[in-house]
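# Coordinates in review
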Amino acid sequence: MKIAIIGAGNLGLSIAKGVLHSNGATTMYLTKRNTSAIKDFEKYGNVVVTSDNEEAVKKSDILIFAVQPGHFSGILEDVKDLLSENHVLISTITGFSISKMEEIVGKDKYVIRSMPNTAISVGNSMTCICSNELGKKRIDLAKAIFNRMGHTLEIPEEQMQAATVICASGIAFWMRLIRATTQGAIQLGFDAKEAQELAMHTCNGAASLLIDSGSHPEEEIDRVTTPKGCTISGLNEMEHQGLSSSLIRGIVTSFEKINQIKKG
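The rules behind each value
Residues numbered from 1 in each chain as written. Predicted model: local features only at pLDDT ≥ 70, side-chain atom pairs only at ≥ 80, totals over all residues. Heavy atoms only, no water. Helix = DSSP H or I, 4+ residues; strand = E, 2+ residues; numbered from the N terminus. Buried < 20%, exposed > 50% of the residue type's maximum accessible area, 1.4 Å probe, protein only. Contact = heavy atoms within 4.5 Å. Areas by Shrake-Rupley, 256 points an atom, 1.4 Å probe, with all protein chains shown as cover. Lys, Arg positive; Asp, Glu negative; His and termini not counted. Charge placed at Lys NZ, Arg CZ, Asp CG, Glu CD. Patch = residues over 30% accessible without salt bridge, like charges linked within 9 Å, V, L, I, M, F, W, Y side chains within 5 Å. Salt bridge = Lys/Arg side-chain N within 4 Å of Asp/Glu carboxyl O. Pairing = 2+ DSSP bridges. Axes fitted to C-alpha atoms, helices over the stretch in contact; angles between N-to-C directions. Expected span 1.5 Å × (residues − 1). Polar contact = N/O pair within 3.5 Å; in protein donor to acceptor, adjacent residues only side chain to side chain. UniProt positions renumbered as here; feature names shortened; annotations may be inferred.

What follows concerns the overall build of the protein. Helices and strands together make up the secondary structure of the protein, namely 10 helices and eight strands. Projected onto its principal axes, the C-alpha coordinates of the protein cover approximately 70 × 40 × 35 Å. With 264 residues in all, the protein has 39% of them scored as buried. Contacts spanning at least 24 positions in sequence make up 59% of the contacts within the protein whose residues lie at least 6 apart. Accessible surface, the protein: about 15,200 Å² in total, of which carbon and sulfur atoms supply 53%. In the protein, which carries 27 positive and 29 negative side-chain charges, the distance between the mean positions of the two groups comes to 4 Å.

Rendered as structure tokens:
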């Protein structure tokens, strides 16, 4: 596949790393206004680093856009006359709807929205995908790209804002929980490095249990709680202090904020 990533910032580079590490591209173009920081990617051999979006579009079939929302319209305007019937447009831009893309490039283009998270750089992203009517013919192609770097879920476009909160912002939420667990472990006597190792691998194990077994979280909780035991005592104290409520309120607040940004 000939892939161009238009906008090689943090997310764009995470996608690039995921694609390259899974051998998911025959050629790749990375574009950025200042290319000096990403020149190292040319060591892969099949990667071209450039500030010329038009060159990248001409030489690629799959265009993954990872630019700032305020720049996206202008970039689409610049390249729209270069788009052929073979181009597949995949946007990762938060709040930029399919209809807004179609207003610029037309409804006769394969348009797909995706919302990966930064774990894509280690091949473990949760990526949500939706498309326009024509794009449904290429949705499996988009899934194939992102499934190389984790797990994909096709959803209606109206759920993309919520997916951004759960999957993209969710990385930060889980990082904070791991950090809190690490701090607790330090207080119990582990050094900082050991504490983080315990926290992050236990978190990974908990998620893996659910993925592999298909169990509900409460089923796995029941396996490690005993009457009058330390686990249930800790869980109950966390609930008394509002753990679940705080998480839910944080998620809802983040969703309200993203909707304010969309209206703005």
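Together, Glu218, Glu219, Asp222 and Glu239 give the surface a local cluster of negative charge. Of all the elements, helix 8 (residues 217-224) adds the most residues to the negative patch, at three residues. Counting through the fold element by element, Asp222 comes out in helix 8.

Strand order in the open sheet formed by eight strands is 3-2-1-4-5-6-7-8, and the pairing between neighbours is mixed. Looking at the sheet topology across the chains shown, the edges are occupied by strand 3 (47-50) and strand 8 (150-154). Here the strands of the sheet are splayed against their neighbours by 20° on average, with no regard to which way each runs. One ladder, built from five bridges, connects strand 1 (residues 2-6) with strand 2 (residues 27-31); its direction is parallel.

The end-to-end C-alpha distance of helix 7 (residues 192-213) is 32 Å, a good match for the 32 Å that 22 residues give at a rise of 1.5 Å each. Between the side-chain oxygen at the start of helix 7 and the backbone nitrogen of Lys193 there is a gap of 3.2 Å, and the oxygen is on Asp191. One or two residues past the end of helix 7 sits Gly214, with phi positive at roughly 75°.

Once that is clear, we can look at the side chain of Ser125. Within the element layout of this structure, Ser125 appears in strand 7 (residues 125-131). The buried category is assigned to Ser125, whose relative accessible area is 2%. Of the polar contacts made by the side chain of Ser125, one reaches the backbone nitrogen of Asn117; its length is 3.1 Å. Looking at Ser125, its side chain comes within polar contact range of the side chain of Thr127, at 2.9 Å. With near-sequence residues (within four places) excluded, Ser125 lies in contact with Pro116, Asn117, Ala119, Ile120, Met149, Gly150 and His151.

Mapped onto this numbering, the UniProt entry annotates "binding site: NADPH" (unreviewed entry) at Asn53. Looking at the secondary structure, you find Asn53 in helix 2 (residues 53-58). Among all residues touching Asn53, those that are not within four sequence positions of it are Ile6, Thr31, Ile75 and Val79. Here Thr31 takes part through its side chain, which lies 2.8 Å from a polar atom of the side chain of Asn53.

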